[in-house]
Amino acid sequence: MTSLFALCDCNNFYASCERVFDPSLNEKPVVVLSNNDGCVIARSNEAKALGIQMGDPFFQIRNLVEHKQVHAFSSNYVLYGDMSDRVMQTLSQFTPHVEIYSIDECFLDLGDFYDIDLFSYAWEIKRTVTRWTGIPVSLGVAPTKALAKVANKLAKKSAKANGVLVLTEPYHIQKALEATKVEDVWGIGGQYAKFLKKHNIHTALDFTNASENWVRKHMTVVGVRLLKELKGESCLELEEVAPAKKGICTSRSFGTKLTSLKDVKEATASYAAKCAKKLRSQKSCARLVTVFVQTNPFSEHDRQYYNSRTIAMPVATNSDIELIHYATLALKAIFKPNYYYKKSGVIVTEIIPENQIQFDLLDTVDRDKHSSLMKVMDKLTDRFGRSMVQVAAQGLNKNWLLKSDYKSPYYTTRVEEIPTVYIRI
DNA sequence: TCTGGGGTCCTAGGACCC
DNA sequence: TCTGGGGTCCTAGGACCC
């Protein structure tokens with residue numbers, strides 16, 4: 001039995017989302033910035049043509065942005081998440097078996113569709129997504145996921161393909177591998193690309209000619225799987241149900257450098273609350289909480305400091321209040337005065353379903369009370385926005401808030417401006 | 001002045017056990 | 001003088017993804 005996959009990838013996704021709601025941006029250079037308006041994380045084709053690279057710090061291209069009238073946006077993840085849902089919904093019309101691989105990519109299992117005209121079908125998918133959502137997409141179709149990735153990349157690059165490429169004929173597959181640089185292969189990053197080139201492997205085709213043992217020795221079993229996939233043997237299955245997360249992390253750079261424990265504490269408390277909310281939304285609890293802090297690694301004259309601390313909580317939890325409590329303890333253990341802090345983060349691990357908590361005989365926390373309080377808070381924040389209500393430890397001043405100077409409106413989920421209510425426990 | 005955030009998997013090596 | 005060996009668990013680090 002032969003397998004068949006399509007990879008559908010949204011073109012310049014975040015930039016395209018901004019365009020859907022403001023068509024005057026069509027054919028204009030558009031970039032979307034990372035949190036804190038730090039660097040470029042999405043570019044329209046026109047912005048790419050100006051030489052703007054992925055990851056370029058915004059301040060370094062500010063001149064270009066002004067001269068060439070580049071439209072820059074702060075990232076608006078609520079909007080992008082909503083548009084992503086619409087795209088994925090549309091794709092599910094074409095096969096019951098889809099894997100949402102990332103916010104802007106989806107694998108479709110086309111299983112035994114070999115007897116239909118794949119090219120027409122792929123085009124139909126592409127046209128429908130664009131018509132229903134306004135987002136342009138590219139499709140690659142091939143017998144394995146890794147080859148579908150190759151096909152997708154070429155579909156985007158080649159003017160002739162114009163966004164759709166079907167790779168089922170061995171000759172076409174070979175030509176495609178030959179045209180793909182080894183560093184552009186899914187699963188080969190900078191380190192491996194450098195290593196492979198040193199061994200005279202420059203294209204995906206060169207790579208498929210390497211021996212399995214050699215690949216295993218230098219690239220582990222992950223490399224071997226990739227090798228087989230590129231040779232047409234499917235090793236990576238469709239994952240329709242996303243496996244439960246093993247860790248959840250919330251971390252941010254601060255809007256400015258912070259020196260006081262109070263400010264770092266408030267920021268960290270907010271990240272802890274965000275982790276708790278994520279846990280609740282997937283109906284799980286965590287037993288370990290890790291906090292890290294760091295100074296600005298780009299700053300040459302500042303003294304550098306990084307540290308982290310993990311605390312095992314007596315009972316796994318998803319309560320804002322409890323998580324904030326332990327995260328604050330962890331922070332106090334690693335915080336040192338007289339440093340310029342630029343970033344902190346909270347990571348929760350040892351995640352279990354919330355109905356499988358091991359209770360502690362000496363537990364003093366009223367878990368029912370916490371749980372009903374959290375339910376009320378979630379209802380309020382879901383309806384009125386996340387700043388509607390919060391635990392007081394998250395602070396009032398928000399000196400640490402990140403920059404977001406160029407945000408587009410919440411087109412799909414309008415949130416009214418409502419004053420925050422603070423809960424003190 | 002200003003440089004993102006959130007994940008995954010695999011391996012080697014040490015600790016520990018019998 | 002000779003000083004086992006196999007298994008498991010955990011962690012740190014390194015690679016990758018979007």
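An unreviewed UniProt entry lists chain A under the name Y-family DNA polymerase, from Pontibacter ruber.

Peer 1: If you had to explain the protein's contact with DNA strand C to someone new, which residues and values would you point to?
Peer 2: The full set close to DNA strand C counts 13 residues, and D104, K149, G187, G189 and Y192 are the nearest of them. For DNA strand C, the backbone makes up 100% of the atoms found within 4 Å of the protein, where backbone means sugar plus phosphate. In this structure, a sugar or linking oxygen belonging to DNA strand C sits 2.9 Å away from a side-chain N or O atom of D104. Separating a phosphate oxygen of DNA strand C from a backbone N or O atom of I188 is a distance of 3.4 Å.

Peer 1: I'd like to hear about unusual backbone geometry, residue by residue, with values.
Peer 2: Excluding glycine, residues mostly carry a negative phi; peptide bonds, for their part, are mostly trans. Not every positive phi belongs to a glycine, and E27 is a case in point at roughly 70°. Relative to the elements of secondary structure, E27 occurs in the loop between α1 (13-20) and β2 (30-33). Overall, the relative accessible area of 69% leaves E27 in the exposed class. In this structure, Q69 is a non-glycine residue whose phi angle is positive, near 50°. Structurally, Q69 is set in the loop between α3 (58-67) and β4 (71-74).

Peer 1: Residues and numbers for the UniProt feature "domain: UmuC" (unreviewed entry) in chain A, please.
Peer 2: The UniProt feature table records "domain: UmuC" (unreviewed entry) at residues 5-189. A distance of 23 Å separates the end C-alpha atoms of residues 5-189, which is 41% helix and 20% strand.

Peer 1: Pulling in residues and values, what's your account of the protein's contact with DNA strand B?
Peer 2: Taken together, 21 residues are adjacent to DNA strand B, and C249, S251, R252, S253 and K342 come closest. The share of sugar and phosphate among atoms of DNA strand B within 4 Å of the protein is 73%. Contact distances for DNA strand B include 3.2 Å between a phosphate oxygen and a side-chain N or O atom of R225. Here K343 contributes a side-chain N or O atom positioned 3.2 Å from a phosphate oxygen of DNA strand B. When residues of the surface near DNA strand B are assigned to their parent elements, the largest contribution, seven residues, is made by strand β9 (residues 247-258). In terms of residue class, the surface near DNA strand B is built from seven nonpolar, eight polar and six charged.

Peer 1: How would you summarise the pattern of salt bridges if you had to cite specific residues and measurements?
Peer 2: Under the criterion given, the structure shown has 14 salt bridges. Close ionic contact of R19 with E46 constitutes a salt bridge, the shortest N to O distance being 2.8 Å. Taken as a pair, R19 in helix α1 and E46 in helix α2 (residues 45-49) lie far apart in primary sequence, 27 residues in all. For E46, a relative accessible area of 25% corresponds to the partly exposed category. When the shortest N-O distance is used, the salt bridge between E322 and R367 registers 3.0 Å. Of this pair, E322 sits in helix α12 (residues 320-334) while R367 sits in helix α13 (residues 367-384), and the two are 45 residues apart along the sequence. Just as E322 is buried, R367 falls in that class too.

Peer 1: Run through α12, naming residues and quoting values.
Peer 2: Side chains of residues three or four places apart in an α-helix project in the same direction, reflecting 3.6 residues per turn. For α12, built from 15 residues, the straight-helix expectation of 21 Å at 1.5 Å per residue is met to within 8% by its first-to-last C-alpha distance of 21 Å. Summarising burial for α12: eleven of the 15 residues are buried, a large majority. D320, I321, E322, L323, I324, Y326, A327, T328, A330, L331 and I334 are the residues of α12 that are buried. Its side-chain oxygen placed 3.1 Å from the backbone nitrogen of I321, S319 serves as the N-cap of α12.

Peer 1: Kindly report on the side chain of D302, identifying the contributing residues and their values.
Peer 2: In this structure, D302 sits in the loop between β10 (284-295) and β11 (306-317). Looking at D302, the relative accessible area reads 11%, which means it is buried. A polar side-chain atom of D302 sits 3.4 Å from a polar atom in the side chain of K257. A polar side-chain atom of D302 sits 2.9 Å from a polar atom in the side chain of S299. With residues near it in sequence (within four places) discarded, D302 still touches K257 and Y340.

Peer 1: Please provide a residue-by-residue account of the nonpolar core, values included.
Peer 2: Ranked by size, the top nonpolar core spans 39 residues in total, and within it F254, V264, V289, L323, Y341 and V348 carry the most contacts. Among the secondary structure elements, those contributing two or more residues to this core are β9, α11 (261-281), β10, β11, α12, β12 (341-353), α13 and β13 (389-391). At nine residues, the largest contribution of residues to this core is made by α11. In this view, V348 contacts K246, G247, I248, C275, L279, A286, L288, V289 and L323; residues no more than four positions away in its chain are not counted. Within the second largest apolar cluster, 35 residues are counted, among which are Y14, I125, V129 and V137.

Peer 1: How would you summarise the packing of aromatic side chains if you had to cite specific residues and measurements?
Peer 2: Evaluated as defined, the whole model comprises 16 aromatic pairs. Here the aromatic rings of Y14 and Y80 are separated by 4.4 Å at their centres, their planes lie at 10°, and the arrangement is stacked. On the criterion of sequence distance, the pair formed by Y14 in helix α1 and Y80 in helix α4 (residues 77-91) is long-range, its members being 66 residues apart. The buried category is assigned to Y14, whose relative accessible area is 14%. Each residue in the set F13, Y14, Y77 and Y80 is aromatic and connected to the rest through ring pairs, giving one cluster. Over the face of the ring belonging to F107 we find K145, whose NZ or CZ atom lies 4.8 Å from the ring centre. Its end group placed over the ring of Y339, R303 keeps NZ or CZ at 4.2 Å from the ring centre.

Thresholds, definitions, all that
- Residues numbered from 1 in each chain as written.
- Chains lettered and ligands numbered in written order.
- Predicted model: local features only at pLDDT ≥ 70, side-chain atom pairs only at ≥ 80, totals over all residues.
- Heavy atoms only, no water.
- Near = heavy atom within 4 Å.
- Polar contact = N/O pair within 3.5 Å; in protein donor to acceptor, adjacent residues only side chain to side chain.
- Helix = DSSP H or I, 4+ residues; strand = E, 2+ residues; numbered from the N terminus.
- Buried < 20%, exposed > 50% of the residue type's maximum accessible area, 1.4 Å probe, protein only.
- UniProt positions renumbered as here; feature names shortened; annotations may be inferred.
- Nonpolar A, V, L, I, M, F, W, Y, C, P; charged D, E, K, R; others polar.
- Salt bridge = Lys/Arg side-chain N within 4 Å of Asp/Glu carboxyl O.
- Expected span 1.5 Å × (residues − 1).
- Contact = heavy atoms within 4.5 Å.
- Core = buried A, V, L, I, M, F, W, Y, C linked by side-chain atoms within 4.5 Å.
- Phe/Tyr/Trp six-rings, centres within 6.5 Å; stacked < 30°, edge-to-face > 60°.
- Lys NZ or Arg CZ within 6 Å of the ring centre and 35° of its normal.

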